[in-house]
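Chain by chain, the residues run as shown.
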Amino acid sequence: MSIDPYIVGSVVVSLLGFLLFSAVAKSTRTRSEERSEVVEKTKVGRRSGEEEDAAEVIIVGAGVAGAALAHTLGKEGRRVHVIERDLTEPDRIVGELLQPGGYLKLIELGLEDCVENIDAQRVLGYALFKDGKNARLSYPLEKFHSDVAGRSFHNGRFIQRMREKAASLPNVRLEQGTVTSLLEENGTIKGVQYKTKSGQELKAYAPLTIVCDGCFSNLRRSLCEPKVEVPSHFVGLVLENCQLPFSNHGHVILADPSPILFYPISSTEVRCLVDVPGQKLPSIANGEMASYLKSIVAPQVPPELYDSFVAAVDKANIRTMPNRSMPAAPHPTPGALLMGDAFNMRHPLTGGGMTVALSDIVVLRNLLRPLHDLSDAASLCKYLESFYTLRKPVASTINTLAGALYKVFSSSPDRARKEMRQACFDYLSLGGVFSTGPVALLSGLNPRPLSLVAHFFAVAIYGVGRLLLPYPSPGRFLIGARLISAASGIIFPIIKAEGVRQMFFPATVPAYYRARADQ
């Protein structure tokens, strides 16, 4: 009796399929077991003899990131000890504009009431000015609740509200003191050494220390590889009792040599930030800065703001701040974690810093939520490596956009860079998807790396098209090629610093799978 070859083939295929399925299932179980093992190690009970009221987490710094994190972890039931150098209200010229994406994170963390009762102003978009022309770019808020918008305010008032809210929790201890060093034992951070307000030297211990001591951090060197760049400085002024050309909008003037920003910080005050490229600033003390602002900057300010701008200069209350950028380059260290500007900075032109910080806090909260105990430092460190990957799509999109826009918006003698700058203004002025797409990225409402790259090169191609129409020539082809080259030279180094794999393909990074198994 002959055997049907189709039956034999079916049996062979079925057998091979069964073997393949078994191998895949075993691999999947192994990966799931590895992820679960890290979580289970931290779900053990508290060690015998450990004090019930001992801190589980020490947070160094109570700025935007530190205060928001303290409240978030405290609300999760963690015992938190916050040590802040100065608990009086900060007086800064940055950290005053929260994008809509950041406001959504604030809602997610239960901190949205911190923008109430501080005379915060709703921000609905941006107005862009260049060579006497302007374009209004509105945030794409149609799909959100009517309360969702950007917010601008006095940075100090916002921080004080968050500190008060954190300190209101019985398991959060807020203390004024200066942390001088991290306490390390066999490669694991055990806590901090700090000096109290009265000058007393103390040590504090906790299974996890989170460093959020800001852009001037003196603790980050042991926890990351800091590559800080200072491409420019902001010179800050406050304009009083003046009306912006577009109410409830941030204003960006594409000035020479670099952008000027205006946005409301209260019902009667408008913040002006003048970007001054380079490391050296005109002297405030001898009047060079006032002269620079009046002779170089004032003529480029919109006419509606000119008198108020000059009056603000004459008041001589001029503040400066270095604009720092630093890609995240952590050294995973048992017992410690970096967050906020101590960990990652970008040019403040786009106002994305607080959005990144609040987004990072949401990621960290979700990672820590299933862990009952944090005392296994090695397992916790391995588990939290996923934090650096999970944060990347949002953080790297905002970081890359900030760096790229600053370079595009700054003037340059190079013809290709000039064309790129004009193309960007004209592209955004087209409206529709040409403005809503980039503004959705800027606002943190749609922080997708691929969308960022697509729009960036769409601007470059649009610029080439403007050059070649209606009459292309060899010279224009050459400038067009240089424009594409200039665009690539702007964005690719930033993407490389952020990490191509983590930014675009986070699921291929092994640490991505160290998050809890049911995420």
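None of these values were measured; they are calculated from a predicted model.

Caption draft 1: Spotlight on the side chain of Thr188. The residue Thr188 is located in strand E9 (residues 188–196) in this model. With sequence-adjacent residues up to four places away left out, Thr188 is seen in contact with Leu183, Pro334, Gly335 and Ala377.

Caption draft 2: Representation of the nonpolar core within the structure. Counting residues in hydrophobic clusters, the biggest one holds 68 residues, and the most contacted among them are Leu69, Phe158, Val192, Ile210, Leu364, Leu368 and Phe387. Ranked by residue count, the leading element in this core is helix H7 (residues 353–368), at nine residues. Sequence-distant contacts of Leu69, that is, excluding residues within four places in its chain, are made with Ile59, Ile210, Cys212, Met339, Ile361 and Leu364. Counting residues in each nonpolar core, the second largest holds 57 residues, with Tyr126, Val252, Val408 and Ile479 among its members.

Caption draft 3: The arrangement of helix H10 (residues 415–429) in detail. End to end, H10 covers 21 Å across 15 residues, agreeing with the expected 21 Å (1.5 Å per residue, within 8%). With a side-chain oxygen positioned 3.2 Å from the backbone nitrogen of Ala416, the residue opening H10 is Asp414.

Caption draft 4: Summary view of the pattern of salt bridges. A full pass over the atoms with the stated rule returns 23 salt bridges. With a closest N to O distance of 3.1 Å, Glu175 and Arg173 form a salt bridge. Arg415 serves as the salt-bridge partner of Glu419, at 3.1 Å between the closest nitrogen and oxygen. Here Glu419 and its partner Arg415 are both found in helix H10, four residues apart, which amounts to about one turn of the helix. When its relative accessible area of 41% is taken as the criterion, Arg415 is described as partly exposed. One continuous salt-bridge network, built from bridges that share partners, spans Arg415, Glu419, Asp426 and Arg466.

Caption draft 5: Layout of the sheet that holds strand E16 (residues 319–325). Strand order across the open sheet formed by seven strands is E6-E5-E13-E14-E15-E12-E16, with mixed pairing between neighbours. Looking at strand neighbours, the two that pair on one side only are strand E6 (133–138) and E16, the edges of this open sheet. The sheet shows a mean angle of 20 degrees between the axes of neighbouring strands, direction not considered. Judged from the nine bridges that link them, strand E12 (residues 229–240) and strand E15 (residues 269–277) form a sheet pairing that is antiparallel. Residue Gly236 lies in a different strand from E15, and its bridge partner there is Leu273. Against the sheet, helix H6 (residues 303–314) contacts E12, strand E14 (260–264) and E15, and its axis sits at roughly 105 degrees relative to E12.

Caption draft 6: Here's a closer look at a nonpolar patch on the surface. A surface patch of nonpolar side chains, amounting to about 260 Å² of accessible area, comprises Leu430, Val433 and Phe434. For Leu430, the position within the fold is in the loop between H10 and helix H11 (433–442). Its relative accessible area of 44% is what places Leu430 among the partly exposed residues.

Caption draft 7: How the structure looks around the pairing of strand E8 (residues 172–185). The sheet contact formed by strand E2 (residues 80–84) and E8 spans five bridges and is parallel. Counterpart to Glu84 in the pairing with E8 is Gln176. Hairpin connection between E8 and E9: a loop of two residues separates the two successive antiparallel strands, and Asn186 in this loop has a positive phi of roughly 55 degrees.

Caption draft 8: Representation of the packing of helix H12 (residues 449–468) against helix H13 (residues 474–498). Viewed as axis vectors pointing N to C, H12 and H13 meet at an angle of 165 degrees, and their least axial separation amounts to 9 Å. When the axes of H12 and H13 are compared, the pair comes out roughly antiparallel. Judged by the sense of rotation from one axis to the other, the crossing of H12 with H13 is right-handed. Note on element contacts: H13 touches H12 through Arg476, Phe477, Ile479, Gly480, Leu483, Ile484, Ala487, Ser488, Ile490, Ile491, Phe492 and Ile495, opposite Val453, Phe456, Phe457, Ala460, Ile461, Gly463, Val464, Arg466, Leu467 and Leu468.

Caption draft 9: Examining the environment of Leu73 more closely. Relative to the assigned elements, Leu73 resides in helix H2 (residues 64–75). Residues Leu73 and Val57, 16 residues apart in the sequence, show an inter-C-alpha distance of 8.5 Å. Among all residues touching Leu73, those that are not within four sequence positions of it are Val57, Arg78, Val80, Ile210 and Leu368.

Caption draft 10: Structural context of the sheet that holds E2. Judged by pairing direction, the sheet is mixed, and its seven strands sit side by side in the order E10-E9-E8-E2-E1-E11-E17 without closing on themselves. If you trace the sheet from one side to the other, it starts and ends with strand E10 (201–205) and strand E17 (336–338), each paired once. Taken over all neighbouring pairs, the strand axes of this sheet differ in orientation by 40 degrees on average, direction set aside.

Caption draft 11: Just the packing of aromatic side chains, in detail. If you walk through the whole model with that rule in mind, you get eleven aromatic pairs. Ring centres of Phe456 and Phe457 lie 5.8 Å apart, and the angle between their planes is 85 degrees; on these two criteria the pair is classed as edge-to-face. For the pair Phe456 and Phe457, a shared accessibility class is recorded, and that class is buried. Summarising the aromatic geometry, the rings of Phe504 and Phe505 are spaced 6.5 Å apart at their centres and angled 50 degrees between planes, so their arrangement reads as tilted. Residue Phe505 is classed as partly exposed on the basis of its relative accessible area of 48%.

Caption draft 12: Examining the pairing of strand E5 (residues 125–130) more closely. For E5, the buried fraction is high: six of the six residues fall into the buried class. Side chains Gly125, Ala127 and Phe129 of E5 all project onto a buried face; the interleaved residues Tyr126, Leu128 and Lys130 project onto the opposite face, where all are buried too. Where E5 meets E6, six bridges bridge the pair, whose relative direction is antiparallel. Its bridge partner lying in E6, Lys130 is registered against Lys133. Here E5 hands over to E6 after two residues, with Asp131 in that stretch at a positive phi of 50 degrees.

Caption draft 13: Spotlight on the environment of Leu244. Here Leu244 shows up in the loop between E12 and strand E13 (249–253). Classification of Leu244 by relative accessible area gives buried; the value is 12%. Beyond its immediate chain neighbours, meaning those up to four positions away, Leu244 contacts His249, His251, Phe262, Tyr263, Pro264, Val270 and Leu305.

Caption draft 14: Highlighting H2. For H2, spanning twelve residues, the distance from its first C-alpha to its last is 17 Å, which sits close to the expected 16 Å at 1.5 Å a residue. Buried within H2 we find Val64, Ala65, Gly66, Ala67, Ala68, Leu69, Ala70, His71, Thr72, Leu73 and Gly74. Those residues of H2 that are buried lie in contact with strand E1 (57–60), E2, helix H4 (155–167), E8, strand E11 (208–211) and H7. Of the residues one or two after H2, Gly77 is the one with positive phi, at around 100 degrees.

About the thresholds
Residues numbered from 1 in each chain as written. Predicted model: local features only at pLDDT ≥ 70, side-chain atom pairs only at ≥ 80, totals over all residues. Heavy atoms only, no water. Helix = DSSP H or I, 4+ residues; strand = E, 2+ residues; numbered from the N terminus. Contact = heavy atoms within 4.5 Å. Core = buried A, V, L, I, M, F, W, Y, C linked by side-chain atoms within 4.5 Å. Buried < 20%, exposed > 50% of the residue type's maximum accessible area, 1.4 Å probe, protein only. Expected span 1.5 Å × (residues − 1). Polar contact = N/O pair within 3.5 Å; in protein donor to acceptor, adjacent residues only side chain to side chain. Salt bridge = Lys/Arg side-chain N within 4 Å of Asp/Glu carboxyl O. Pairing = 2+ DSSP bridges. Axes fitted to C-alpha atoms, helices over the stretch in contact; angles between N-to-C directions. Patch = residues over 30% accessible without salt bridge, like charges linked within 9 Å, V, L, I, M, F, W, Y side chains within 5 Å. Areas by Shrake-Rupley, 256 points an atom, 1.4 Å probe, with all protein chains shown as cover. Parallel < 35°, antiparallel > 145°, perpendicular 65-115°, else oblique. Left-handed = near helix turned anticlockwise from the far one by under 90°. Phe/Tyr/Trp six-rings, centres within 6.5 Å; stacked < 30°, edge-to-face > 60°.

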